Each structure stands twice: as structure tokens, then as C-alpha cells.
2 protein chains.
Amino acid sequence: MAKQKPRTLSGFMELLPRRQQQFERMAELLRQSYALYGFAPLDTPIIEASEVLLAKAGGETEKQIYRFTKGDSDLSLRFDLTVPLAKYVALHYAELSFPFRRFQIGKVYRGERAQRGRFREFYQADIDVIGDGKLDIVNEAEIPAIICRTFTALGLERFQIRVNNRKLLSGFYAMLGLTDRAGDIMRVVDKLPKIGPDKVRDLLTGEDTALTGAQADEILRFISITGSNTQVLSALEEYKGRDGLFDTGLDELNTVVKYLGSFGVPEDKFAVDLTIARGLDYYTGTVYETFMTDHPEIGSVCSGGRYDNLAEYYTDKQLPGVGISIGLTRLFYVLEEQGYLNDAMNTAPADALILPMTEDLSPAIALATRLREGGVRTQLYTEQKKFKQKMSYADKLGVPYILLLGEDEITQGKVSLKDMATGEQTLTDADQAAARILAGLAAAREAAPIREPKEG
Amino acid sequence: MAKQKPRTLSGFMELLPRRQQQFERMAELLRQSYALYGFAPLDTPIIEASEVLLAKAGGETEKQIYRFTKGDSDLSLRFDLTVPLAKYVALHYAELSFPFRRFQIGKVYRGERAQRGRFREFYQADIDVIGDGKLDIVNEAEIPAIICRTFTALGLERFQIRVNNRKLLSGFYAMLGLTDRAGDIMRVVDKLPKIGPDKVRDLLTGEDTALTGAQADEILRFISITGSNTQVLSALEEYKGRDGLFDTGLDELNTVVKYLGSFGVPEDKFAVDLTIARGLDYYTGTVYETFMTDHPEIGSVCSGGRYDNLAEYYTDKQLPGVGISIGLTRLFYVLEEQGYLNDAMNTAPADALILPMTEDLSPAIALATRLREGGVRTQLYTEQKKFKQKMSYADKLGVPYILLLGEDEITQGKVSLKDMATGEQTLTDADQAAARILAGLAAAREAAPIREPKEG
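Residues numbered from 1 in each chain as written. Chains lettered and ligands numbered in written order. Predicted model: local features only at pLDDT ≥ 70, side-chain atom pairs only at ≥ 80, totals over all residues. Heavy atoms only, no water.

Engineer: I would appreciate a short explanation of the relation of the copies chain B and chain A in the present structure.
Structural biologist: Applying a rotation about an axis and a shift along it to one chain copy brings it onto the other copy. Placing chain B over chain A gives an RMSD of 0.0 Å and needs a rotation angle of 180°, together with 0.0 Å of translation along the axis. Within this description, the copies of the chain are treated as partners about a two-fold rotation axis. Residue F68 of chain B, judged by its C-alpha, is the member of chain B lying nearest the rotation axis, at 3.0 Å. Residue by residue, 100% of the interface of chain B is reproduced at the interface of chain A, so both copies engage with the same surface. (Least-squares fit on C-alpha atoms with pLDDT ≥ 70 in both. Contact = heavy atoms within 4.5 Å.)

Engineer: How do you make sense of unusual backbone geometry when you look at a structure like this?
Structural biologist: In terms of backbone geometry, most residues other than glycine have negative phi values and most peptide bonds are trans. Residues and elements named next belong to chain A. Note that the residue after F98, namely P99, is joined by a cis bond; omega there is 0°. Note on placement: P99 falls in the loop between helix 4 (82-91) and strand 5 (100-109). Here the phi dihedral of A210 falls at roughly 55°; this positive angle occurs in a residue that is not glycine. When you line up the elements, A210 lands in the loop between helix 8 (192-205) and helix 9 (213-223). (Helix = DSSP H or I, 4+ residues; strand = E, 2+ residues; numbered from the N terminus.)

Engineer: Is there a simple way to think about the packing of helix 5 (residues 138-154) of chain B against helix 11 (residues 244-259) of chain B in this case?
Structural biologist: Working note: a packed helix pair is described by the angle between its axes plus the distance between those axes. Residues and elements named next belong to chain B. Two elements in contact, helix 5 and helix 11, have axes whose closest approach is 9 Å; the angle formed by their N-to-C orientations is 45°. When the axes of helix 5 and helix 11 are compared, the pair comes out oblique. At the point where helix 5 passes helix 11, the crossing takes the right-handed sense. Along its contact with helix 5, which presents V138, E140 and A141, the element helix 11 presents E252, T255, V256 and Y259. For the contact of helix 5 with helix 11, the residue count by class is four nonpolar, one polar and two charged. (Axes fitted to C-alpha atoms, helices over the stretch in contact; angles between N-to-C directions. Parallel < 35°, antiparallel > 145°, perpendicular 65-115°, else oblique. Left-handed = near helix turned anticlockwise from the far one by under 90°. Nonpolar A, V, L, I, M, F, W, Y, C, P; charged D, E, K, R; others polar.)

Engineer: I would appreciate a short explanation of the interface of chain B and chain A in the present structure.
Structural biologist: Chain B puts 103 residues into the contact, and the matching count from chain A is 103 residues. Together, the buried faces of chain B and chain A total about 8700 Å²; carbon and sulfur atoms form 58% of this surface. In terms of surface lost to chain A, no three residues of chain B exceed Q4, E14 and R372 of chain B, which account for 8% of the buried area on that side. The tally of links from chain B across to chain A stands at 12 salt bridges. Note that K3 of chain B is salt-bridged to D316 of chain A, the shortest N-O span being 3.7 Å. Put simply, chain B and chain A have 48 residue pairs in polar contact (both at pLDDT 80 or more) between them. The leading source of residues in the side of chain B that touches chain A is helix 1 (residues 17-36) of chain B, at seven residues. Along the lines of polarity and charge, the residues of the side of chain B that touches chain A split into 52 nonpolar, 21 polar and 30 charged. (Buried area = accessible area lost by both parts, 1.4 Å probe. Salt bridge = Lys/Arg side-chain N within 4 Å of Asp/Glu carboxyl O. Polar contact = N/O pair within 3.5 Å; in protein donor to acceptor, adjacent residues only side chain to side chain.)

Engineer: I would appreciate a short explanation of the nonpolar core in the present structure.
Structural biologist: One broad trend across soluble globular proteins is that nonpolar side chains are buried collectively. Counting residues in each nonpolar core, the largest one holds 112 residues, and the members touching the most others are L403 of chain A together with F151, Y173, I219, F222 and L236 of chain B. A total of nine residues in this core trace back to one element, the largest contributor, which is helix 5 of chain B. The residues touching Y173 of chain B, leaving out its near neighbours within four places in the chain, are L178, T179, A182, I185, M186, V189 and I219 of chain B. Ranked by size, the runner-up nonpolar core spans 111 residues in total, among them M175, L178, F246 and I450 of chain A. (Core = buried A, V, L, I, M, F, W, Y, C linked by side-chain atoms within 4.5 Å. Buried < 20%, exposed > 50% of the residue type's maximum accessible area, 1.4 Å probe, protein only.)

Engineer: It is not clear to me how the pairing of strand 15 (residues 415-419) of chain B should be interpreted in this structure. Could you clarify?
Structural biologist: Both faces of the sheet carry side chains from a regular strand, because those side chains alternate between them. Residues and elements named next belong to chain B. A large share of strand 15 lies buried, amounting to five of its five residues. Burial along strand 15 is two-sided: the residues V415, L417 and D419 and S416 and K418 are all buried. As paired strands, strand 14 (residues 401-405) and strand 15 are joined by four bridges and run antiparallel to one another. In the strand pairing of strand 15, Y401 is matched with D419. Direction of pairing for strand 15 relative to strand 16 (residues 425-428): antiparallel, over a ladder of four bridges. (Pairing = 2+ DSSP bridges.)

Engineer: Just checking my understanding: could you explain empty space enclosed by the protein for this structure?
Structural biologist: To find leftover empty space, one rolls a probe the size of a water molecule over the atoms. Taken as a whole, this structure holds eight cavities of 30 Å³ or more when the rule is applied. Its volume calculated, the largest cavity comes out at about 660 Å³. Along its surface, the largest cavity is lined by 30 residues, and I105 and Y123 of chain A together with R31, I105 and Y123 of chain B are the ones closest to its centre. Elements represented by at least two residues in the lining of the largest cavity include exactly helix 1 (17-36) and strand 5 of chain A together with helix 1 and strand 5 (100-109) of chain B. Here the residues of the lining of the largest cavity sort into 16 nonpolar, four polar and 10 charged. (1 Å grid on protein atoms, 1.4 Å probe; cavity = no way out; pocket = protein on both sides within 12 Å on 5 of 7 lines; lining within 4 Å. Points joined across faces, edges and corners; volume = space filled by probe spheres on them.)

Engineer: What should I look at first to understand the sheet that holds strand 8 (residues 270-272) of chain A in this one?
Structural biologist: Two orientations exist for strands paired in a sheet by backbone hydrogen bonds: parallel and antiparallel. Residue and element names in this part refer to chain A. The eight strands lie next to each other as 1-5-6-11-10-9-7-8, forming an open sheet whose pairing is mixed. In this open sheet, the two strands that pair with only one neighbour each are strand 1 (40-41) and strand 8. In the sheet, strand 7 (residues 159-165) pairs with strand 8 via three bridges, with the strands oriented parallel. The residue bridging I161 from the neighbouring strand is F270, located in strand 8. Docked against the sheet, helix 6 (residues 166-175) engages strand 7 and strand 9 (283-292), running at close to 45° with respect to strand 7.

Engineer: Looking at this model, I keep getting lost on the pattern of salt bridges. Mind explaining?
Structural biologist: All names here are of chain B. Under the defined criterion, the tally for this structure stands at 58 salt bridges over all chains. Residue R158 is joined to D294 by a salt bridge in which the shortest nitrogen-to-oxygen separation is 2.8 Å. In this pair, R158 is assigned in the loop between helix 5 and strand 7 (159-165) and D294 in the loop between strand 9 (283-292) and strand 10 (303-307), connecting sequence segments 136 residues apart. When the shortest N-O distance is used, the salt bridge between K167 and E252 registers 2.9 Å. On the criterion of sequence distance, the pair formed by K167 in helix 6 (residues 166-175) and E252 in helix 11 is long-range, its members being 85 residues apart. Judged by its relative accessible area of 15%, K167 falls in the buried class.

In C-alpha cells form, the structure reads like this:
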């Protein structure tokens, strides 16, 4: 028979089993972390009617959409989890209770140009809190705590959450009489870490933005306010009383910073950063970005912010919210590239492999059943292979314990338990074997999927 | 602004939060159950190159495919998890260890005609064991144990796994000289539960199948062998020695039945059923179907079998395997329709809702942080609403505990804990509150997502 060459499309992540275990563990920890903050899991279709999904889209996004017809239907694959959330909340408004807190971890699709580290199918892991008409500022203050706990649970230690406030920025540009050009200016300022202040000044006074030198200097002075959170906030006091929106933004920022300690966010994990604006016009209050301290070049690994109108394309209801998103597939790719995945995790499919040494397999099967009832992930190996090949199989899978069951053991009501890490072999009974396996793996079971490389 | 009416496509399941929690719990229990048997999680792309995905497909399946082009690429959405598994194993053959045991829970797509209870996007939950060249019969004997433990974990009690063997059937038809027509005959026999033996005989002797009356009678006699497993197996002994394939099939069936007890499968959960063939020609050994005792009309809720060539369209390697699949979305739909979902499950997004009664929210936030560190899923409610509205919010979400924190409590270093089920309110401290909440919810946390309606 002629064979079809198997292949996986470029831009689509497909992992080998041990890596997949690490990915699954990350997803599980995200679910647990989000749930701890009272977010409910949500799942929505990957396919939506194009006129619904693209009600808002345009420009770059629309070009990347996977869009097609099936029968009479014009369909598209979701490109993020925010638009489906907006649809969901507008559609089910009457059946939901607000604030509505949901998390969603799911695949999204963007037909980007294929290149290393860019994915066309990737997981996003989002949380959002949606209010009905209003949403209290404390929800914005809570977000850094969620980011902090989540990345800590994953095993990341060296990261920082940077926060700014869009009202503060808009108010500041209003003081300069630059409200109309605020969007353009923010896009230029966003480039500061990449191109430096001199080039930012050139762009601001260049023909596209066309500011005066004095205006550009004011902006550069503003965004160069750095230091501890207290220092930044007190420097901002200087600007107070000149613009209502600015003052509201500063109040909000003060509130967010004030509650950090109570929310359990360590000082060094958080910084007010006036250069952060987030590209989208959609945000209207606190905005967040999260950076890996040793890899700023990767960009933000968790971003989001406060918005005023989640679902304005679908409903007249005003639905303000705050949310963040982790690009999980890209994060995983980056972690692997940088050697951040923790190989001390137990990534074997089973905790124990039973090797029966008798023709009648009933005792070995009964042992497997007993171990499984005790919570030990157990595989029974009954293929006709040489002993050496069986051990090599266990080794390749990384199975931490082997149980040998021959006539001698069966007669004595015992099993031989071999610890693959130490090579030690002991004669014990089934229940003790289960207890020893579970105790021996407790640390590996709790191991975080990320381990930062030691410095030096 | 003109609004786009929000809608979800028909044939696409989208659940409200409490139902979603039940669905998630089912998926979590499936993952746990499959992992206990040493299956590794796998994830593959939803989109594949059409020439890869459709290497084997044809007829009905092909018509249902979501197929489209993007740029120069001819793409299709996967319609099951078996073809992607075949591709994966063929592609990564050199990097895998065999037997390769994987589970996968993922969405698949079929553009079926829309009707109640039929889904175009649905989850399948599959396990497969793939051998390299050979695969021991014990793997086939283990499958009923996995099905049994999985459904029991979900909370289903009244179900039965029915098993047959394709070699036994093929051998039987060979005895009658009907090997060439075995496929057609099995398709007719498959209708027995729906149309009864008389109509089956009519069809068998009718022009399509064109058997003699004697042949039809032999077949009806064979498939009418029923009773306990021992009775069926001993009735089959009569046919022994007339066809090699039949004898092999009977040996395999005897082995599967022999090991059931050791695998922990109760007698009443399992039956040899000679009418089961499974439509697909693909199967070559043991085949499985699983029925809800009180709802046979739903058909099999978990099916599969042994096959000899997983990936023959991609590779010359012979990769035999055995696998089963649960149509999770349809199962969930049926369970809901039949009133089988367990409302005693805790489906609230949070275990505890904190209602702060002071202007400074620091103590309430610190309380939330402490509860979360103790493992209590906690939501802080800070919206400006009347007390009654806050309680109504808790009620609607089904949050089981409320924590009230006013000046009095703060001064005393206490909190008021209200148990929403009993209405009881107690003054306690944060750690005791966490302990009481976790203890109070232990049962609800362990609750199975399925609860069978009481009879009568």
C-alpha cells in the first residue's frame, strides 16, 4: 500500500510524552491557582459564526483568522478568548451573576507567518472579572496577587509584575493638550525599552507625531520617573490637581499599591512602571505586564488590564471588567528553550511497573489492582521480552519503581520492590510497597514544572 | 452603535457555569482514572494537513469533515482522536517506547446534520495501548477494568460492559463458508437488539445477503447463546476444533474472562455478548461496548476494541493496539437529560465569600489571602451593594460559606462564619474558619458528578 508521509503542520506544537506531562502539570497548576481566587472554569466553542466573532475585529487580526464556509455557514476559529467571553456574557447575561469571574484555558488560532517560536495554534490561559455596570477597584488590586501566586506555583522565582494606569496616562496627556494624539504617543513610548529615550524623542518630534520639543521633554520627564513604588507615587503627587482623570488614575494606582501587602504580593515582585501602556485602546484603568527577570527580551509573559466595555459590540449593557492572559504555548516553548523545565518532575506515565515472572498472571494482576486502589499509577508489563529489554523499557519511560513477582514472592505473599533511582531492591508486601512508592514520590509529585537554572 | 446579535452555533455545546463545573469534574476524574493505569496524556493539533488526516477516510466521514484552505494549505479539523494518534505514533516512532499507552481528551469536529443531542464539536476521551509488532492479550483483558473503574469513579452504578471477539466471529463465519460475506452479515446481526431475530433472519436470507435458510438458522442459533459468562463460554466449546481462527478467538475470550476478577471487575458489570461486532472492519480481536442498564436506548457510552494496524496508511511498521473511546459531550448531554447529574456536588466557583463591612479593606484582604493559603477557594466581594443583594449573590452562586468582617470582628481578631446550608453563624478565627470550611466541604468535594435517580 502506498504510504502517506505523516507530518504535523508547522506552527502547531506537538509534544513528546515527557514534555506533555510537564505541559499538563502547568495547565493543572493554572487551574488550581485560578480556582483559589474564585474563578469558575468556562469552555466555549472553537468555531463561531464569522459575523459574531468578527463583529469587532479588523486590520491585522482579521487577516490572520482561519475563516471558511461549511454548507451555508460562514465560520471562523477563535483568535483569542476575550471575544468568545464577550459573546458568552452578552448571550447568557440573564443567567449569570455579577461580578462574573471566569477562567478559560483553551486553544486559539492565528494564521501568522510561520517562524521559530511563533504558533498558529496556541493555548491561552485567561481570567476575567466582569461587573454589571460597575466594578470595584479592589478587583484591579487583586490581579497582581493572582499573577504572583500563579507563577510562584509554576516554580518561577525571578519575575516582576509591572503596573500602570491608563487614566493616569490619559490625564497626563490631557494636561499637555495632547488628548487627541495620546494613542499615537503611547505607541511611541511603548518602544522605550527597545530604542531608548533619544530615539523616542526623535519619533515624538518627528512628522508622524509632530510634538514640540517642550512637549516631548515633558513626556520624557514623566516616563523617566522611576524608583521604588513609594518614590514613583510621591513624584506623581506633583502633577495632582491639574486634571480630574489624572487624579482618579493616581487614586486607583495608590489603592492598588496600598493593598499589595495584604494580598500577599512581595515588594520585589511588583513595580509601578509609567512606560507601560498596552497597545490596545480597549484598556481604561490599571494595566499589567509580567517579565522574567533574566529574560526581558521575551517580553511580557502575562498581560492585561481594566476595560470599561467588554461586550459593546453585542449589547447595550455596560460590562466593565479586568483580566489577564498567559500565552501558555509560547511560555512553554520559551521555558524549554531557556532550560527552565524541571527535569526532577516525575514525568513517567506510571509510578510503578509490574514485571510478572510466572505464566499465570492472576497474582500480578491482583497486585496491580491493589496498587491502583492505593492510588499508585501502575502499569502491568506482560509482553514477551527478555528481562533486560523490560528493564530498558522502564528506564526509557523513567518509571521510578519496578515490582518483580515470581514464584518465590508469590509463595511468600511478597513482592520484590526495586527503586530505580538507588537500585535498591527489597522484599516487601503489596501494601507496604504502595506506601513506600507513594512516600518516595511525594517530593516528585509536588515538584514544580519550572526550575530556574542556577546562576554562574 | 449597531449591535451584532450574540449567538452560539447549533451543534456546539456551551454550558452555564454550574454545569461547566460538573463537566470539568468529569474530565478531571477521567484523567485521574486513565493515569492510574499508566496512560500518559497526549495533545495533538485540532488542524491537520488534509492529505494526512484523510489518508484513510472516505464515504460518510469525508463528507462531514470541516475542510478549508488557508493560503496554499489544504487543512482539515480532526474528526476523531484515532487518526491523529496514528499520525503521532508513525511520526514519532523512533522517540516512543512500546507498548505506548496514551490517553487524550479533546475536541473533534463532524459537520453532521444538526439535531437534538447531536454535536458538531464534541469531546472524545480515548485511551489506547499501542504495541510494536505484537501486543499481549492481557492488554485486552485490562480494558474492562479501566471502563469499570472510570464509570464507577464518575458515580455511575448501573452499567454493563459487553464483550465479544472478532476472531471468534470471523472463525464462525469461516466454518459456514461465509468469510466473504462476514462483514455484511455482522452489519445485519448488529441490528438484532433493534429489530429482533425474525427480521434479522429475513434480512440474512433476503437479496442483499442471500444466505440459505440453514445458514441463517446457524447464525441465529450462535448469536442466541446467552447466559452467564461461564455458560456462554462452555456453549462455545461445542464449536471448537473446526476453525483455527475461531479457536484463537475463544482462547482470547477465555483469557479476558479469566482475569476479570483479578482486575477487580465485578461479575455483574461484565457480559460476553456474541451479538456485538462493532461496525468497523478495523477491529480484529476483543471488542467492547458499554451500556447504561436503565437506558439501553442511548446505545453504547464507551466502545472500542483490538486492532492490528493502527498506522498502516503512514508506515510499514505493524502497530497493533487496543483502545476505547467515550463520547464525553454526548454522554454529558444524555446524563443531563436523564436527570443523572449530581446536584449535591459543590458547583460554586468559591468555597467562601468574604463580605467586608469596613472602609479599609486591608483586614478583609488579609483574611482572603490567609484562607487561600489554607486551600480555601475564596472570593472577596467589595462591590457597593446592599447587604441583601450581597447575600442573594452568594445564594445564586451556591457559595457554601460567608465570612463577615466588621469593626467588632476585626477588634477581636475574629470573623463571623455563616454556613449557608444550615444558616448557623459563629464567631471564630481565620484558621479555624478555614479548617471548618474544608472539613464541611470534604464530602461535597469528593462527590461524584453522576448520581443515578432513585427508582420508583
